[in-house]
Amino acid sequence: MNQEQIKTIKELEQAIGTESSPVTYDVELGSIIKFARAIGDPNHLFNDEVSSRNSRHGGVVAPPTFLRSLPVNSFNPSLESPFTRRLDGGSHWDYFEPIRPGDRITITQKLTDVSQRDGRLGPMLFMTREIRYVNQFDQTVAVPRGVGISS
């Protein structure tokens, strides 16, 4: 590892807790229906206004994976890994509220952990990020935590 990479990793460790600028999206019924069709999910909750009214949700809701279609603001470029090889280390999602047509979803991303390990190909950097999706009522809709691995 060169001195520049060491310096960048130390800056990343000091930046734990740093949050991105928020970005807000309006959720439209058509977007929910198109998304459900695109992923091949025929569940009436995601694409049928009439039959979904009889559900416990009282209308159409978005599939949980719909949130992946909403881009998240990136951190400051200085909060990126100094290594060029990158791998998705997995994620865990917690869901709290359904997403409905008309919702305004605000998204922020936070760096929550940085750690290093030695791997077969050299040093590896693990960066954990938490994304928070909040609706217009200030209710947390979902919180995924994901790990990015770079070397």
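Owing to the predicted nature of the structure, the values given are computational and were not obtained by experimental measurement.

J.: Go over the nonpolar core, please, and point to the residues and values.
T.: If you look at the biggest cluster of nonpolar residues, it comprises 17 residues, and the most contacted ones within it are F66, L67, I99, I105, I107, Y133 and V141. Secondary-structure elements contributing two or more residues to this core are helix 2 (29-38), strand 3 (104-119), strand 4 (122-134) and strand 5 (140-150). In this structure I99 touches V27, I32, V60, V61, A62, L67, I105 and V141, once residues within four positions along its chain are discounted. Counting residues in hydrophobic clusters, the runner-up holds 9 residues, among them L12, A15, F83 and M127.

J.: A description of the sheet that holds strand 3 should follow, citing residues and the corresponding values.
T.: As summarised here, the arrangement of the 5 strands in space is 1-3-4-5-2, forming an open sheet in which the pairing is antiparallel. Each end of this open sheet is capped by a strand with a single partner; those strands are strand 1 (23-26) and strand 2 (86-95). Adjacent strand axes in the sheet meet at a mean angle of 25°, parallel and antiparallel pairs treated alike. Sheet analysis places strand 1 next to strand 3, joined by 4 bridges and oriented antiparallel. Considered in strand 3, the bridge of T24 is made with T106. In this fold helix 1 (residues 3-14) packs onto strand 3 and strand 4, with an angle of close to 135° to the strand it touches most, strand 3.

J.: If you had to explain the environment of E130 to someone new, which residues and values would you point to?
T.: By the secondary structure assignment, E130 is in strand 4. Along the primary structure E130 and S91 are separated by 39 residues, whereas in three dimensions their C-alpha atoms are 9.5 Å apart. Ignoring sequence-local partners within four residues, the contact set of E130 consists of T108, Q109, K110, T112, V143, P144 and R145. Side chain to side chain, E130 and R145 meet in a polar contact 3.2 Å long.

Definitions and cut-offs
- Each chain carries its own residue numbering, running from 1 in the written order of its sequence.
- In keeping with the predicted nature of the model, local features appear solely for residues at pLDDT of at least 70, side-chain atom pairs appear and are counted solely at 80 or more, and the whole-chain, interface and lining totals rest on all residues.
- The basis for every side-chain value is the complete set of heavy atoms in the structure, and neither hydrogens nor water enter the calculation.
- The term nonpolar core refers to a set of buried residues drawn from Ala, Val, Leu, Ile, Met, Phe, Trp, Tyr and Cys, joined through side-chain atoms within 4.5 Å.
- When accessible area is computed with a 1.4 Å probe and restricted to protein chains, residues below 20% of their type maximum are described as buried, those above 50% as exposed, and intermediate ones as partly exposed.
- Secondary structure is summarised from DSSP: a helix means a run of H or I of at least four residues, a strand means a run of E of at least two, and numbering begins at the N terminus for each.
- What makes two residues a contact is simply this: any of their non-hydrogen atoms within 4.5 Å.
- Here, a strand pair is defined by DSSP locating no fewer than two bridges between the strands.
- Lines fitted to C-alpha atoms define the axes here, with helix axes fitted over just the stretch in contact, and angles between the N-to-C directions of these axes take values from 0 to 180 degrees.
- Here a polar contact is recorded for every N or O atom pair within 3.5 Å, except that within protein the pair must consist of a potential hydrogen donor and a potential acceptor, and residues adjacent in sequence are included only if both atoms are side-chain atoms.

Geometry only, nothing functional implied.
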